[in-house]
Amino acid sequence: MASEAPESADDLRVQIQALLKGQSQPTVTVLSSLLAIQDDLHYLPNEAIEETASFSNTTINEVWSVASFYTNFRFTPPGDHTYEVCWGPSCHVKGAQQILKCVQEELGIDREGETEDGKVTLKYGTCLGACAQAPVIAIDHHHKGRITMEIAVRLARELKS
Amino acid sequence: MADPIKLTIDGQEIEAQPGQTIIQAAMDSGTYIPYLCYMPKMKPYGACRMCVVETESNGRTMTQASCTTPVAPDMVVRTKTGDIQELRRGIIDLLMTEHPHGCLTCHRIELCGPQDVCLRHVRVTDRCTICPKNERCELKDTVRSMELDLTNPMEYHFRDLPRHVDDPFYDRDYNLCIVCARCVRVCEEVRFDTALTLVSRSGTALVGTSHGTSLLESGCEFCGACVDVCPTGALVERDYKWDKADTQVTTICSNCPVGCQVITEVNKRNKAIRFRGDLAGEANNGQLCFKGKFASDYPNKKGRFRYPLVKIDSELKRTTWALALESAAENLKKFSPDQIAIIASPRGTNEDNYVAGKLARVALGTNNIDSALNLNPELTEGLLPSTGYGAATNSIWELENSRCVMVIGGNPTEEQNVLAVPVKKAARDGADIVVIDARETELTRYCKDGLWLRPKPGTEVTLVGGILRAVMDEALEDKEFVNTRVDGLQDIKQELWSFDLVRVAQITGIEEDQIRAAARAYGSAESAAILYGADTILAEEKTDLALAVANLALVTGNIGRAGGGIYPLFGGANTQGSNDVGANPRFLPGYVSVQDESARAQLSKEWGARIPDQAGLSITEMVAAMADGTIKAAIVMADGIAPDQPGLEGLQAALDRLDFLLVSDDFPGELSHFADVILPSAAFTEIDGTFTNLERRVQLLRRGMTLNYEERPGWAALAALGRAMGASGFEFDTAADVFAEIASIVPSYAGISHDRLESGGIQWPCADSEASGTAILHGEPDEAFRPRMTPMSIRELLDVRDSEYPFTLAHGRVLHVPDHPVDVENRDGMNYISRDSYVHLHPNDASSAGISDGEMVELRSKPDQDGNTVTFIGYAKLESPHPGLISVTTLFGEVASAMQDSDDPDPAPRVRGLPLMAVSLTKVSVPAGVA
């Protein structure tokens with residue numbers, strides 16, 4: 001870590017400290033602190049765990065046990081765009097698996113996560129709440145319904161470029 | 001105690017204490033309930049569900065975990081019904097699905113050897129016979145007690161997790177983990193470190209660290225508590241990993257004055273292979289530290305002295321005890337009493353020390369006898385005028401119930417590790433921790449805002465005086481106690497006029513408000529204890545510190561009160577005992593001053609020799625006297641002395657100047673190098689004897705290893721020397737004989753004997769064989785001594801710095817620094833901390849040296865007598881509280897790595913403390929491109 005430019009790491013810490021102190025709710029917990037950081041940075045860097053430990057007067061391991069418990073926390077930076085494919089029951093019946101497969105092929109990954117260039121994050125959605133429009137995807141949280149494989153691949157290609 | 005609760009377990013009517021859980025009541029009455037996550041002295045957790053029982057209470061029948069269910073009146077508990085057994089079998093099946101269990105469910109488990117052909121095709125690496133915990137595995141024992149259906153074991157899913165074998169001292173293999181969380185819980189709720197935690201959730205939950213980092217980064221203090229509680233082979237000590245114990249014996253750790261009761265496992269080849277904290281230990285409650293757990297195996301190491309040696313023509317030659325003693329006696333007779341000194345070992349038992357003291361006075365005619373680590377005798381002896389006893393007033397585990405603990409100039413987390421455990425527990429329970437120290441230590445992170453007072457080095461005593469003044473100003477004194485039980489209030493009231501808070505603030509650099517806050521925290525707590533050491537205290541101030549601390553405790557009524565008291569912090573496993581039994585230049589056995597005419601005469605009569613009336617030289621004076629040639633001959637019991645110990649720096653060079661040196665040691669080392677006669681000594685695992693710990697608890701050491709050569713315990717060697725010199729009164733057969741003589745001479749030991757100690761330690765004073773010892777001094781008004789407050793004086797800053805080394809370096813050490821990154825580097829398969837430290841400077845100092853924030857600086861310490869200097873390089877951070885004070889905080893993990901790598905047979909005494917140093921400061925110019 002010493003090899004990192006100290007200024008940027010320090011800046012990140014300052015930013016995290018500001019987020020920690022800026023929590024306005026009456027009860028501030030480890031969980032609320034982590035959420036506050038992730039809301040802003042979209043992920044929890046190492047520094048977030050350390051600063052939260054310092055802030056809440058506990059240890060990094062205790063913070064980590066909370067952070068690692070929840071699947072919603074992520075510890076690597078997300079891609080520039082998110083591409084969420086719903087695989088809830090309705091979408092599944094309407095062919096979500098095939099859509100997912102060709103999107104993964106287009107993005108060049110075989111699971112959830114970021115593409116190699118860090119541009120797109122692929123996520124599986126358990127239900128995006130628009131079953132009437134199945135199959136559904138969401139790009140940067142904007143829903144798109146009645147998706148075909150062709151559209152899904154085209155949208156993925158557009159995000160990639 | 002509340003009325004016992006009556007209940008029925010398996011048809012047997014028993015009585016249990018309210019608040020006990022069913023499993024505890026069952027164990028007390030001799031009923032076995034299988035369990036895996038339950039652990040005595042830890043909170044119930046209910047993770048494994050192995051301990052389910054059927055309960056019938058208020059007409060309802062339920063299946064409940066017996067470790068989390070409290071007993072209730074008239075409860076009926078059934079532990080072995082068919083349904084319950086079936087349920088447990090299902091549970092253990094599930095627990096084992098991810099633990100290799102081919103062997104656990106095999107009927108040949110007791111018959112198999114590591115190389116046998118396996119009819120079940122269990123992989124070699126999955127077999128119990130090659131597991132390091134085989135034969136001491138709780139999982140195996142539990143499974144065997146379940147009488148599983150062996151024909152149809154469940155499928156085993158191998159998790160294929162990486163093994164962690166690169167951290168100091170112990171290995172972690174989570175493929176064997178059953179996630180009972182005992183390790184996580186002991187680390188969190190007993191040790192308060194949380195170096196381990198549960199990671200992730202549900203089926204993937206596992207023990208781990210933040211981001212899977214090494215233990216060096218996670219804040220591990222390597223106490224090994226997690227290893228001791230692990231029921232499987234997941235956590236195992238690395239040394240002697242696969243060795244099997246042949247015998248085990250309960251003895252006392254020889255590393256520090258806490259006196260932890262430790263179970264020593266000895267294998268068939270007479271090696272001490274493992275050390276476990278004894279849950280029954282009164283002083284340690286089952287806990288150990290990195291030294292006691294992982295660095296106590298030194299008696300096994302090769303190269304020990306096995307036979308007496310005598311120097312002939314500058315070469316050490318093997319000889320017999322008779323000849324060695326004869327040569328020693330002859331040589332010693334050539335010197336006058338004033339020219340001879342005895343240095344007793346910090347690991348010497350009471351028996352060793354008593355005989356050493358007697359030898360000095362009776363056979364050599366001198367009072368020049370001191371214990372090697374009795375470097376700050378003022379801390380204990382300074383209490384004699386105040387409390388009447390040169391010892392801590394209360395017991396170690398009372399500290400967990402204190403409502404305020406003040407720690408002055410000491411670092412118990414490292415030096416007296418287990419003593420810090422109850423302090424941390426008190427902090428966790430909401431007690432205020434006040435630390436007066438320029439250094440950052442592990443306890444400073446437990447201080448609430450503003451209660452870590454960092455005075456200018458050298459002004460600590462003045463600060464304590466200021467706190468005392470603030471206590472009086474705010475009327476926080478215990479008036480009733482002071483008026484009825486204590487003398488001298490008027491004297492110190494007058495003295496306190498000079499401790500004007502404005503002036504104290506000016507001298508110490510601590511603001512008035514902070515002094516008052518500390519005074520309120522201490523003075524208004526229901527019970528408040530003080531731990532005080534001399535790490536940062538200047539020599540001139542040590543006696544005053546003891547007086548100041550005693551005054552503060554007396555004025556607030558914290559003497560004689562549970563959870564209160566004062567605890568001097570010193571080094572050496574038996575420094576307390578050595579002073580008690582007279583291995584002390586100023587005191588005869590029982591703290592009788594050598595200048596006390598009548599007492600001296602009486603002891604002279606009993607010993608049959610005239611005892612010299614002049615106080616002898618203290619350990620530090622001895623070293624100086626050896627160096628200048630006043631002392632010409634010495635006997636050094638060298639076991640456990642590190643010559644580079646702060647305070648003993650000149651010892652090695654001084655010994656070189658002697659005309660005659662007799663060393664009793666177990667290993668060749670720097671001290672035996674100059675010896676004319678060497679007597680091989682027995683190590684702490686090989687002797688019977690007693691240690692007295694810092695809470696005055698006399699505890700029994702038991703011999704676990706046999707002596708196969710000619711090593712002898714210290715008392716036997718010294719008694720033989722006494723006889724060789726023609727003195728009488730040295731006819732002892734056993735350590736118990738020596739102790740019986742101690743008990744007949746030292747009044748506070750009078751009721752103690754080896755036989756009585758077999759069933760547990762006893763805290764002196766213990767006047768007769770009926771008395772049970774004294775946990776709290778002055779708990780009842782003491783007829784023999786009335787506590788007295790003694791004035792101390794205010795001092796301006798005492799300065800040890802000079803123009804060349806104008807800064808004081810306060811070197812701190814902590815377990816982890818959450819807001820600083822730590823780098824770990826793997827070299828040759830082991831992890832090491834490699835990181836750039838921060839050097840904390842005062843902005844004024846930085847600007848006058850032309851240093852700005854973040855620049856690299858070098859600190860160089862003033863050379864010691866041997867010309868050695870210490871250097872530190874780090875990045876400047878401009879946040880020191882006082883001009884002239886520089887602080888550096890390093891990580892404890894570095895100590896662990898260094899100890900692990902040490903070639904020294906006995907590395908524990910060499911763990912450096914954290915003394916203040918005078919240093920110079922320079923800016924390091926880094927060539928462009930390197931940074």
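Cut-offs applied
Residues numbered from 1 in each chain as written. Chains lettered and ligands numbered in written order. Predicted model: local features only at pLDDT ≥ 70, side-chain atom pairs only at ≥ 80, totals over all residues. Heavy atoms only, no water. Helix = DSSP H or I, 4+ residues; strand = E, 2+ residues; numbered from the N terminus. Rg over C-alpha atoms; globule rule 2.2 N^0.38 Å. Buried < 20%, exposed > 50% of the residue type's maximum accessible area, 1.4 Å probe, protein only. Areas by Shrake-Rupley, 256 points an atom, 1.4 Å probe, with all protein chains shown as cover. Pairing = 2+ DSSP bridges. Contact = heavy atoms within 4.5 Å. Buried area = accessible area lost by both parts, 1.4 Å probe. Salt bridge = Lys/Arg side-chain N within 4 Å of Asp/Glu carboxyl O. Nonpolar A, V, L, I, M, F, W, Y, C, P; charged D, E, K, R; others polar. Domains from an automatic or database assignment. Phe/Tyr/Trp six-rings, centres within 6.5 Å; stacked < 30°, edge-to-face > 60°. Lys NZ or Arg CZ within 6 Å of the ring centre and 35° of its normal. Axes fitted to C-alpha atoms, helices over the stretch in contact; angles between N-to-C directions. Parallel < 35°, antiparallel > 145°, perpendicular 65-115°, else oblique. Left-handed = near helix turned anticlockwise from the far one by under 90°. Patch = residues over 30% accessible without salt bridge, like charges linked within 9 Å, V, L, I, M, F, W, Y side chains within 5 Å. Lys, Arg positive; Asp, Glu negative; His and termini not counted. Charge placed at Lys NZ, Arg CZ, Asp CG, Glu CD.

## Quick notes on the overall build of chain B
Piece 1. Check the secondary structure of chain B and you find 28 helices and 37 strands.
Piece 2. The C-alpha atoms of chain B give a radius of gyration of 29 Å, which matches the 30 Å a tight globule of 931 residues would have.
Piece 3. For the C-alpha atoms alone, the extent of chain B along its principal axes is close to 80 × 70 × 65 Å.
Piece 4. Of all 931 residues assigned to chain B, the portion counted as buried reaches 61%.
Piece 5. For chain B, the exposed area adds up to about 35,200 Å²; of that, 49% sits on carbon and sulfur atoms.

## Digging into the pairing of strand E36 (residues 885-891) of chain B
Remark: a regular strand shows side chains that alternate across the two faces of the sheet.
Residue and element names in this part refer to chain B.
Piece 1. Here E36 lies mainly inside the structure; seven of its seven residues are buried.
Piece 2. Of the two faces of E36, the one lined by Leu-885, Ser-887, Thr-889 and Leu-891 and the one lined by Ile-886, Val-888 and Thr-890 are each fully buried.
Piece 3. For strand E30 (residues 807-814) and E36, the ladder comprises seven bridges, and the chain directions are parallel. By the bridge assignment for E36, Val-814 is matched with Leu-891.
Piece 4. As paired elements, strand E33 (residues 837-840) and E36 share two bridges and run antiparallel to each other. Bridge pairing links His-840 to Ser-887 in E36.

## Examining the interface of chain B and chain A
Piece 1. Contacts between the two partners involve 22 residues from chain B, matched on the other side by 20 residues from chain A.
Piece 2. It is Arg-201, His-211 and Pro-818 of chain B in chain B that bury the most area against chain A; as a group they hold 32% of the surface buried on that side.
Piece 3. Run the count over chain B and chain A and you get zero salt bridges.
Piece 4. Mapped onto the side of chain B that touches chain A, the elements with two or more residues apiece are strand E7 (197-199) and helix H5 (215-218) of chain B.
Piece 5. By residue class, the composition of the side of chain B that touches chain A is six nonpolar, eight polar and eight charged.

## A short note on the domain arrangement of chain A
Piece 1. Taken domain by domain, chain A comprises domain 1 (9-69) and domain 2 (81-160).
Piece 2. A C-alpha centroid distance of 31 Å is found between domain 1 of chain A and domain 2 of chain A.

## Remarks on the packing of aromatic side chains
Piece 1. Applying the stated criterion to the full structure yields 18 aromatic pairs over all chains.
Piece 2. With a centroid separation of 4.8 Å and 45 degrees between ring planes, the pair formed by Trp-64 of chain A and Phe-75 of chain A is classed as tilted. Taken together, the residues span a long stretch of sequence, with Trp-64 of chain A in helix H4 (residues 60-69) and Phe-75 of chain A in the loop between H4 and strand E1 (81-86) at a distance of eleven residues.
Piece 3. Overall, Phe-75 of chain A belongs to the partly exposed group, its relative accessible area being 26%.
Piece 4. Aromatic rings pair up to connect Phe-169, Tyr-170, Phe-222 and Phe-294 of chain B into one cluster.
Piece 5. The residue whose ring lies beneath Arg-827 of chain B is Tyr-832 of chain B, and the NZ or CZ to ring-centre distance is 4.3 Å.
Piece 6. Positioned over the ring face of Tyr-838 of chain B is Lys-877 of chain B, at 4.7 Å from the centre of the ring.

## Things to note about the side chain of Thr-349 of chain B
All names here are of chain B.
Piece 1. Mapping Thr-349 onto the fold places it in the loop between strand E15 (340-344) and helix H9 (350-364).
Piece 2. Residue classification places Thr-349 among the buried residues on the basis of a relative accessible area of 1%.
Piece 3. With near-sequence residues (within four places) excluded, Thr-349 lies in contact with Asn-574, Ile-687, Gly-689, Thr-690, Phe-691 and Leu-701.

## Some details on the pattern of salt bridges
Residues and elements named next belong to chain B.
Piece 1. The final tally for this structure, using the stated rule, is 58 salt bridges over all chains.
Piece 2. Residue Arg-347 is joined to Asp-906 by a salt bridge in which the shortest nitrogen-to-oxygen separation is 2.6 Å. Taken as a pair, Arg-347 in the loop between E15 and H9 and Asp-906 in the loop between helix H28 (892-901) and strand E37 (917-923) lie far apart in primary sequence, 559 residues in all. With respect to burial, Arg-347 and Asp-906 carry one shared label: buried.
Piece 3. With a closest N to O distance of 2.7 Å, Glu-442 and Arg-445 form a salt bridge.
Piece 4. Its relative accessible area of 3% is what places Glu-442 among the buried residues.
Piece 5. Salt bridges sharing common partners tie together Arg-191, Asp-193, Glu-221, Lys-424, Glu-442 and Arg-445.

## Observations regarding the packing of H9 of chain B against helix H24 (residues 714-724) of chain B
Residues and elements named next belong to chain B.
Piece 1. Between H9 and H24, whose axes approach to 8 Å, the crossing angle comes to 20 degrees. Taken as axis vectors, H9 and H24 run roughly parallel relative to one another. Pair H9 / H24 crosses with left-handed handedness. Of the residues in H24, those touching H9 at Glu-351, Asp-352, Val-355, Ala-356 and Leu-359 are Gly-714, Trp-715, Leu-718, Ala-719, Leu-721 and Gly-722.
Piece 2. Per-class residue counts for the contact of H9 with H24 are seven nonpolar, two polar and two charged.

## Regarding the pairing of strand E27 (residues 689-692) of chain B
All names here are of chain B.
Piece 1. With burial as the criterion, each face of E27 is covered, one bearing Gly-689 and Phe-691 and the other bearing Thr-690 and Thr-692.
Piece 2. As judged from the four bridges shared by E27 and strand E28 (residues 697-701), these two strands associate in the antiparallel manner. Bridge pairing in E28 links Thr-692 to Val-698.
Piece 3. Between E27 and the antiparallel strand that follows it, E28, lie four residues; Arg-696 among them carries a positive phi value of about 70 degrees.

## Description of a negative patch on the surface
Piece 1. Among the surface-exposed residues, Asp-10 and Asp-11 of chain A together with Asp-853 and Glu-879 of chain B lie close enough to one another that they form a single negatively charged patch.
Piece 2. Here Asp-853 of chain B lies in the loop between helix H27 (843-848) and strand E34 (856-861).
Piece 3. Of the residues examined, Asp-853 of chain B reaches a relative accessible area of 52% and is grouped as exposed.

## Concerning the sheet that holds E36 of chain B
Residue and element names in this part refer to chain B.
Piece 1. As summarised here, the arrangement of the six strands in space is E30-E36-E33-E35-E34-E37, forming a closed barrel in which the pairing is mixed. Direction aside, neighbouring strands of the sheet carry axes that sit 45 degrees apart on average.
Piece 2. Bridge count between E34 and strand E35 (residues 871-877): five bridges; the pairing is antiparallel. In the strand pairing of E35, Glu-858 is matched with Ile-873.
Piece 3. Packing against the sheet, H28 makes contact with E30 and E36, and its axis sits at approximately 55 degrees to E36.

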